[in-house]
Amino acid sequence: SPVPNFSPPPPMHASSTEPTSPAETQSPAHLPPSTAPPPKYPCGEVPSFGCSNSRSEPCVFDDECARGGLGCGAGGSQLCRFCGFAQFYACPVVHKPPHP
C-alpha cells in the first residue's frame, strides 16, 4: 500500500523576541510588586564604594553633577561623584538620627 505524504513539523527555534523564562511570559501588571527596585545609580546619599572596583575610591550621589564638575560621572553615572581621595572633594558627612 502507498505511504501517505508525511512531513515532520518544522523544528522549533527560539527567537530573540520569544520569552525565555516564565517571568517574561507575564505582563508587568501580573507580576508581584518588587520589594526594592534596582538602584538607578551605583551611588547613594551616603558615600559608598559602588562606583569602582576599588575599596579606596568612594562616591556619592550629587545632583549638582547635572552641570558637570570634578569627580562627576563616577561609575558611568552622570550624577555620581567620586569623593574623598586623590584630587576629589571630601565626601559629605551624613548624620543619621539615633534609633529610639
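Here is a short report on the structure shown in this document. (Residues numbered from 1 in each chain as written. Predicted model: local features only at pLDDT ≥ 70, side-chain atom pairs only at ≥ 80, totals over all residues. Heavy atoms only, no water.)

## Quick notes on the environment of Cys80
For step 1, the next point in the chain: Its place among the elements puts Cys80 in strand 2 (residues 80–82).
For step 2, the next point in the chain: As a C-alpha pair, Cys80 and Asp62 span 18 residues in sequence and 5.8 Å in three-dimensional space.
For step 3, the next point in the chain: Residues within four places of Cys80 in sequence aside, it is in contact with Tyr41, Pro42, Cys43, Cys51, Val60, Cys65, Gly71, Cys72, Gly73 and Ala74. (Helix = DSSP H or I, 4+ residues; strand = E, 2+ residues; numbered from the N terminus. Contact = heavy atoms within 4.5 Å.)

## Some points on the environment of Ser48
For step 1, the next point in the chain: Among the structural elements, Ser48 can be located in the segment before strand 1 (59–61).
For step 2, the next point in the chain: Using a relative accessible area of 23% as the deciding quantity, one classes Ser48 as partly exposed.
For step 3, the next point in the chain: Contacts of Ser48, omitting those with residues within four sequence positions, involve Pro42, Cys43, Glu57, Pro58 and Cys59. (Buried < 20%, exposed > 50% of the residue type's maximum accessible area, 1.4 Å probe, protein only.)

## Here's the deal with the pattern of salt bridges
Charged atoms that come close allow side chains of opposite charge to pair.
For step 1, the next point in the chain: The full count for this structure, using the stated rule, is two salt bridges.
For step 2, the next point in the chain: Arg81 is the partner of Asp62 in a salt bridge, and the nearest nitrogen-oxygen pair spans 2.7 Å. Of this pair, Asp62 sits in the loop between strand 1 and strand 2 while Arg81 sits in strand 2; the two residues are 19 residues apart in sequence, bridging distant segments of the chain. Comparing Asp62 with Arg81 shows no difference in burial state: the two are buried. (Salt bridge = Lys/Arg side-chain N within 4 Å of Asp/Glu carboxyl O.)

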